[in-house]
Amino acid sequence: FPVTIGFSSWTTVSAGMYHTAAIRSGGTLFTWGFNNLGQTGDNTTIAKSSPVQIGSSSWTAVGCGRYHTVAIRLGGTLFAWGSGPNIGDNTAIGKSSPVQIGSSSWTAVSVGWAFKPLIFSVVYYTYTVFCKIAYYVIFVQLTMHPAVYQ
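Computed from a prediction, not measured in an experiment: that's the story for all the values here.

Thoughts on the sheet that holds strand S1 (residues 10-15)
The strand order across the open sheet built from four strands is S1-S2-S3-S4, with neighbouring strands paired in antiparallel fashion. Where the open sheet ends on each side, the last strands, each with one partner, are S1 and strand S4 (48-54). Ignoring strand direction, the axes of neighbouring strands in this sheet form an average angle of 20°.

Next comes the structure, spelled out in structure tokens:
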């Protein structure tokens, strides 16, 4: 049966393989679930059966992958944590708390199981696509006429 979590309004929710992240209407980010690789971002590897707040900043977007989480703070700063090869920080070391990725102003995030973070940043009509496929990081800039890249 469904269980109510908290008393506040939730605006965004994302489910990973065994963990979940959600943003409340005020922008606070919460995570819970399996945490063997730090995917909940609370600086531990202990599973959480109820929501734990991550940081004190206002968050605007979140996406959960198989063993990692990616989120954007108000202002467009991108953070990731969890399984090392999946978070896009050019290391194979897992992170159990949010680590800033890049320095651009990010606007949206979509995280999958095999195709790691896909994040979009719009700056002066230039579309920057960051996609980590397997263990390779690909940066593509599309100017004026964005196209689909596969």
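Let's talk about the sheet that holds strand S5 (residues 59-64)
A sheet is described by the order of its strands in space; here four strands give the open sequence S5-S6-S7-S8, paired in antiparallel fashion. Of all strands in the sheet, those bounded by a partner on one side alone are S5 and strand S8 (95-100). In this sheet, adjacent strand axes meet at a mean angle of 15° when their direction is disregarded.

Considering the pattern of salt bridges
By the definition in use, this model includes two salt bridges. Ionic pairing is found between aspartate 42 and lysine 48, a salt bridge with its closest N-O pair at 2.8 Å. Like lysine 48, aspartate 42 is buried.

Comments concerning the pairing of strand S3 (residues 29-33)
Counting buried residues in S3 gives five out of five residues, a clear majority hidden from the surface. Side chains Leu29, Thr31 and Gly33 project from S3 onto one buried face, and the interleaved Phe30 and Trp32 project onto a second face that is buried too. Alignment of strand S2 (residues 19-24) against S3, held across five bridges, turns out to be antiparallel. The partner of alanine 22 across the bridge, within S3, is phenylalanine 30. Hairpin geometry of S2 and S3 is characterised by an intervening segment of four residues between the two adjacent antiparallel strands and by a positive phi of about 95° at glycine 27. Judged from the four bridges that link them, S3 and S4 form a sheet pairing that is antiparallel. The residue bridging phenylalanine 30 from the neighbouring strand is glutamine 53, located in S4.

Conventions and cut-offs
- Every chain is numbered on its own, with residues counted from 1 as its sequence reads.
- Confidence filtering applies because this is a predicted model: local features only for residues at pLDDT of at least 70, side-chain atom pairs given and counted only at 80 or more, and all residues used for totals across whole chains, interfaces and linings.
- Side-chain measures here rest on the full set of heavy atoms in the structure, leaving out hydrogens and waters.
- If DSSP finds at least two bridges between two strands, the strands pair.
- Strands are runs of DSSP state E lasting at least 2 residues, helices are runs of H or I lasting at least 4, and numbering of each runs from the N terminus.
- Interaxial angles span 0 to 180 degrees and are taken between N-to-C directions of axes, which are lines fitted to C-alpha atoms, for helices over the stretch in contact.
- A pair is scored as a salt bridge if a Lys or Arg side-chain nitrogen falls within 4 Å of a carboxyl oxygen belonging to Asp or Glu.
- Under the scheme applied here, a residue whose accessible area is under 20% of the maximum for its type counts as buried, over 50% as exposed, and between as partly exposed, the area being computed with a 1.4 Å probe on protein chains only.

Any functional reading would require information beyond the geometric quantities listed.
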